[in-house]
Structure formats: structure tokens, C-alpha cells
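Coordinates in review
Chain residues, written in single-letter form:
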2 protein chains.
Amino acid sequence: MKNRIYIVGMGPGEEDMMTAQAIRALEESDVIIGYPVYLSLLGERFSGKEFLSTPMRQETRRCQMCFEEAKKGKTVSMVCSGDAGIYGMASLLFELGKEEPETELVVIPGITAASSGAAVLGAPLNHDFCVISLSDLLTPWERIEKRLIAAAMGDFAMAIYNPSSHKRADYLQKACDILMNNGVEPERACGYVENIGREGTKAHTCTIRELRDCKVNMFTTVFIGNSQSEIVNGKLITKRGYQI
Amino acid sequence: MKNRIYIVGMGPGEEDMMTAQAIRALEESDVIIGYPVYLSLLGERFSGKEFLSTPMRQETRRCQMCFEEAKKGKTVSMVCSGDAGIYGMASLLFELGKEEPETELVVIPGITAASSGAAVLGAPLNHDFCVISLSDLLTPWERIEKRLIAAAMGDFAMAIYNPSSHKRADYLQKACDILMNNGVEPERACGYVENIGREGTKAHTCTIRELRDCKVNMFTTVFIGNSQSEIVNGKLITKRGYQI
């Protein structure tokens, strides 16, 4: 039998928003590996497990640890916030796994912030949409800019991940300006959600002109409506089509 | 206390891929309303509930039924496959809810096919991506075409929903041609998954040129890689950035 690494999407944080499949994978595991914040979100029932971690930006090392532990004959879970395959560790583990034929990789999907944040705001993504990260740690800003322009051109609703950090305090402002310079009208319906599925969840709706000047943090997911979106009784709604 | 309608994303089908939150909402409900196929996927534990349904294309009627039942003082769940807010019933219920101030709408997110299908294929969406439906029931084809062109321009990975049906047998072919005419090279790494999270799950990887001539059905989700995507040991992988 092959060694096994589960790559587990844990959803936004609370166990209530994990799937039964994800919980079972963690229960089956001897070792749970992940970014420290994610490990700290895991509840009591996993307290008997071995926890391993590396600091931020040491993702490659963290993935290597999974293979090292698996080779000892342990069942391993790598936890990712949200979905394992949306800005998560799945692709990096598959890349490293090229050289590890004796280890099986099993992806367990989870609720990504596009879904969990949308649920808090109303229904901002209820038609075709894009997910774009504003983090330029691993992606050149020119590529992010090109994607924002394309998303505006295609009249996509958008979920924006990593809209800001200490070093990138003005990135959301830059992104809003790019969108407004490419056909998104200043009154476009938008919203953002802080601390999804954790203590202090807070939703806000606004226009993109207002969003431009909002201070958001790295625990925020931003939603930009498409040209048909509306704010209805405080909820951000994108119509599914021409239904009504 | 307000009447309550839960709009529940049930994930791809099996209960194992629902969240605890979703299961609790259904257990709390007196009536469960949904498209017949989705109701038939619900397990034994909900057999004591009242089930209500309407045929396909009667979504507005189905949503009105939710409000009618809620007004009788019942707790209602509207079930949607995948996520409630991704081509689901959330926005239509919020629109109808404008005139129903005494009813509270609570969205419970679920695992959408972009996540669950990606998990089967490997990690095809592991960077910025678009979700596009090829169904022109509620959207003019010109808008779908415009979005495909924008997605190609932005070098997004893509999840394609509703790639085909009896009446739209050649839509995936048309979509692939549009992408290839807008900069997607014929060797672009792609994949598709049939019957995600149900009996007979099957994943395939191929190039977009091969995908063009594949026969897919309405229970298929298609994935188009971005320019960096690769097929590695039969898995479709899109890199998270410049990590390795």
C-alpha cells in the first residue's frame, strides 16, 4: 500500500464549515502539517495528533515535510485554509510528488472564501465570475493588472483574495482604479467581508468608488459585482440571468 | 421571530461532502424544496421531511414556494447542487425577497464543482481563475463568447460549467475554438470530470485540441489550464506562482 498525503481544504475556519470527508481525513492522519494559524483553528478532537509547521513563505519546506513524514509510514494531512486547490498547497505537492511515486496524494476540497464570503454578503457571484489574488509575492504585478483588465472587459463578477497587507497597503486602491479605467462605472455595486467563518465576521456593501478608499486587511475578501449587480436591502446580488 | 429560509449548497451530491452547517440546516427544516434530482441525493436521515419540487426551468415558481411555506411558519431549506451562490438559487431568492421583509434568508455555502472537480483532476485552478457557464438558457451566447475571449486574454485557468446538453451538443467545441482563436495554444493542458462526487466519477486529461472533439454531457465539468499548466503523472496542475 502506498503512503498517503491528504491535502485538506478546511474551509474558512470553524469545524462546522468543514466537510465530513475533511474531518475524516484529519482523524485518519497521524501528522497534521500546516501554517500555524490554520493548525490553531483545529478543534479539540484533533489534540492527540502530531502537529508540524513552518513559518510563512516556507511553503516548499512545509510540503517536503509531508513527504518525509509519509515515508516514515505515517498518514499525513496538509491543511489549507479554504479550498486545497485554490491558492492552496495542492499544486506544489503534486509538483514535488513527481519524484515521489510511492506516495499517493489525495485532495479533499473545502469551502473557499469566494463561496463563504459570498454567502455572508448575499449572492455576489451568482453568474460567471473570476477569482483574482492581489498578492504579488509569487506573481508579477503586470500579470495581476492584465487579469483585472480582462475581468473588467468580460464583465465578470469578481472575488478578490489577499486585497491588502502591510507592504501592499495601496493594492486594493490600485486595483479599483484599474477596473474603473477599464469600463467599470464608479457606482458599481461591491462589498467585502472580514474574518469569514471566524469570530468577528463583518460584511460591508459599497460602490467601487467607495471601496477604493476602504482600509481592508489580509483577512478580508473583496467582491466586485458585474454590470447587473445591485445592492438590495443591504445584500450584494448578482442575477443568475434574465430570470425576472 | 422572522420566518427563515436556508439556501443550502449541498456540494456535489454525497452527504460526505456537505458541511456540518448544511446538514444542520436541513435537519432544522420542516420542508426541503429543490430540483427533483437534488432531493433524490439526500440520504435516509432526511426521510421524515416534507419534500417539494418543481420541474426544470420553473425556478421562479420553486423560489415562490419557499416563501409560501415560510409564511405558514415552517422553516424551509432550498437545496442547490454545489454552492448555493454559484449558479444556484441564492440571488433569485434575494430578488423575490425584496417584497418579503418578514422572511430571513440565510445562505449556507457548499463545495462547488470548480473545487470538487479540481480535486479529482489534481490542481487545475491553483492560481487566478474564471468560472464560466456555457448554458445560454438565461444568458445570450454573445456574452458567453465575450467572457471566453476575456478569459483567454487574461490567461486565466478556467472551470467550464454546463459544457453541453442535447440542444447544445456543439457548445464545448465552439468554446474551444473561440479560446484557440484568442491565443490559447492547441497544446494547452485541459481536463474534465464526469459525475463528480457521485457514482461513476471519471477524470480525463487532454489538450484543448483533443477536448474540442470530446463528447461531454451535462454532468461534466471542464477545466482549461492557463499557459503555465501541465499534465504531470496524469494530473492537471496549475502552478501557484513562481515557487519552484
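Because the structure is a prediction, the values reported are computed rather than measured. (Residues numbered from 1 in each chain as written. Chains lettered and ligands numbered in written order. Predicted model: local features only at pLDDT ≥ 70, side-chain atom pairs only at ≥ 80, totals over all residues. Heavy atoms only, no water.)

Remarks on the interface of chain A and chain B
Contacts between chain A and chain B engage 68 residues on the former and 68 residues on the latter. In total, chain A and chain B occlude about 6300 Å² of area from one another, counting both sides; carbon and sulfur atoms represent 57% of this. For the chain A face of the interface with chain B, the top three residues by lost area are Leu138, Arg147 and Arg240 of chain A, together amounting to 11%. Inspection of the chain A/chain B interface yields 10 salt bridges. Between Asp155 of chain B and Arg147 of chain A there is a salt bridge, with the nearest N and O atoms lying 4.0 Å from each other. Where chain A touches chain B, the interface holds 34 residue pairs in polar contact (both at pLDDT 80 or more). (Contact = heavy atoms within 4.5 Å. Buried area = accessible area lost by both parts, 1.4 Å probe. Salt bridge = Lys/Arg side-chain N within 4 Å of Asp/Glu carboxyl O. Polar contact = N/O pair within 3.5 Å; in protein donor to acceptor, adjacent residues only side chain to side chain.)

Focus: the UniProt feature "domain: Tetrapyrrole methylase" (unreviewed entry) in chain A
Mapped onto this numbering, the UniProt entry gives "domain: Tetrapyrrole methylase" (unreviewed entry) at residues 4–211 of chain A. Across residues 4–211 of chain A, helical content stands at 35% and strand content at 23%; the span's end C-alpha atoms are separated by 44 Å. (UniProt positions renumbered as here; feature names shortened; annotations may be inferred. Helix = DSSP H or I, 4+ residues; strand = E, 2+ residues; numbered from the N terminus.)

What to know about empty space enclosed by the protein
Per the stated rule, a full pass over the model turns up 1 cavity of 30 Å³ or more. Estimated volume of the largest cavity: approximately 40 Å³. What lines the largest cavity is simply Ile86, Thr112, Ala114, Ser115, Phe129 and Val131 of chain A together with Ile86, Thr112, Ala114, Ser115 and Phe129 of chain B. If you list the elements that add at least two residues to the lining of the largest cavity, you get helix H5 (113–121) and strand E7 (129–133) of chain A together with helix H5 (113–121) of chain B. Here the residues of the lining of the largest cavity are counted per class, giving 7 nonpolar, 4 polar and no charged. (1 Å grid on protein atoms, 1.4 Å probe; cavity = no way out; pocket = protein on both sides within 12 Å on 5 of 7 lines; lining within 4 Å. Points joined across faces, edges and corners; volume = space filled by probe spheres on them. Nonpolar A, V, L, I, M, F, W, Y, C, P; charged D, E, K, R; others polar.)

Points about the side chain of Asn226 of chain B
Secondary-structure assignment places Asn226 of chain B in the loop between strand E11 (220–224) and strand E12 (230–232). Here Asn226 of chain B falls in the buried class, since its relative accessible area comes to 2%. Among the polar contacts made by the side chain of Asn226 of chain B, one reaches the main-chain amide nitrogen of Gln228 of chain B at a distance of 2.8 Å. Once you skip the residues sitting within four places of it in the chain, Asn226 of chain B turns out to touch Arg147 of chain A together with Asp155, Phe156, Ala157, Arg188 and Thr238 of chain B. (Buried < 20%, exposed > 50% of the residue type's maximum accessible area, 1.4 Å probe, protein only.)

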